[in-house]
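Spelled out from the first residue to the last, the chains are:
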Amino acid sequence: MPVSFASIKNDLDSHIGDDITIVAQAGRKRVTRRHGKLAETFHSVFVVDLDPTENSFERVSYSYVDLLTKSIELTFD
């Protein structure tokens, strides 16, 4: 797993437009799964366009810190 923001951003840049599944810790024993497409990457966050049939909102953003601290997991479909 990459250990710097720049390397995480570079890895995600190569997957822009790809389908992605995000598993996030939402509480003590709660986990949320979201499916969508990786839309954009910025200096410290990345944006995912979500599948509108599964979610009540269109987009969600996560910080690269979430990946470093393992509070979210990404898988590319």
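To start, this report covers the structure provided alongside it. Bear in mind that the values here come from a model prediction, so they are computed numbers and not experimental data.

Some points on a nonpolar patch on the surface
So, step 1. Among the surface-exposed residues, F5, V65 and L68 lie close enough to one another that they form a single nonpolar patch of about 220 Å² accessible area.
So, step 2. Within the fold, L68 resides in helix 2 (residues 64-68).
So, step 3. Judged by relative accessible area, L68 falls into the partly exposed class, the value being 34%.

Observations regarding unusual backbone geometry
So, step 1. Here K70, not a glycine, exhibits a phi torsion of approximately 60 degrees, which is positive.
So, step 2. When you line up the elements, K70 lands in the loop between helix 2 and strand 5 (72-76).

Topic: the pairing of strand 4 (residues 59-63)
So, step 1. Burial along strand 4 is one-sided: the residues V60 and Y62 are buried and none of R59, S61 and S63 is.
So, step 2. Pairing of strand 3 (residues 45-50) with strand 4, which is carried by five bridges, proceeds in the antiparallel orientation. Each bridged residue has a counterpart across the sheet, and for D49 the counterpart in strand 4 is R59.

Re the pattern of salt bridges
So, step 1. Tallied over the entire structure, the rule returns four salt bridges.
So, step 2. A salt bridge links D19 to K37, with the nearest nitrogen and oxygen atoms 2.8 Å apart. One end of the pair, D19, is in strand 1 (residues 19-25); the other, K37, is in strand 2 (residues 31-41), and 18 residues separate them in sequence.
So, step 3. A salt bridge links E40 to R59; the nearest nitrogen and oxygen atoms lie 2.9 Å apart. With a gap of 19 residues between them, E40 in strand 2 and R59 in strand 4 connect regions that are remote in the sequence.
So, step 4. Each of the salt bridges in this network shares a partner with another, and the network as a whole consists of E40, D49 and R59.

A word on the packing of aromatic side chains
So, step 1. Applying the stated criterion across every chain, the model contains three aromatic pairs.
So, step 2. Summarising the aromatic geometry, the rings of F46 and Y62 are spaced 6.0 Å apart at their centres and angled 35 degrees between planes, so their arrangement reads as tilted. Highlighted residues: F46 in strand 3 and Y62 in strand 4, separated in sequence by 16 residues. The two residues F46 and Y62 agree in class, both being buried.
So, step 3. One aromatic cluster in this structure is built from F5, F46, Y62 and Y64.

What counts, and at which threshold
- Here the residue numbering is sequential within each chain, running from 1 through the sequence in written order.
- In keeping with the predicted nature of the model, local features appear solely for residues at pLDDT of at least 70, side-chain atom pairs appear and are counted solely at 80 or more, and the whole-chain, interface and lining totals rest on all residues.
- Side-chain numbers here rest on the full set of heavy atoms in the structure, without hydrogens or water.
- Each patch is built from residues that are more than 30% exposed by relative accessible area and take part in no salt bridge. Like charges join if they lie within 9 Å; nonpolar side chains (Val, Leu, Ile, Met, Phe, Trp, Tyr) join within 5 Å.
- Throughout, the Shrake-Rupley method with a 1.4 Å probe supplies accessible areas, and for residues the shown protein chains are the sole cover considered.
- By convention in these notes, a salt bridge is any Lys or Arg side-chain nitrogen within 4 Å of a carboxyl oxygen on Asp or Glu.
- A run of DSSP states H or I qualifies as a helix once it reaches four residues; a run of E qualifies as a strand once it reaches two. Both are numbered from the N-terminal end.
- Summary of the burial criterion: residues with accessible area below 20% of their type's maximum are buried, those above 50% are exposed, and those between are partly exposed, where the area comes from a 1.4 Å probe applied to protein chains only.
- Strands qualify as paired when DSSP identifies two bridges or more between them.
- Any two of the Phe, Tyr and Trp rings considered here, Trp counted by its six-membered ring, make a pair once their centres fall within 6.5 Å; the pair's planes then place it as stacked at under 30 degrees, edge-to-face at over 60, or tilted in between.

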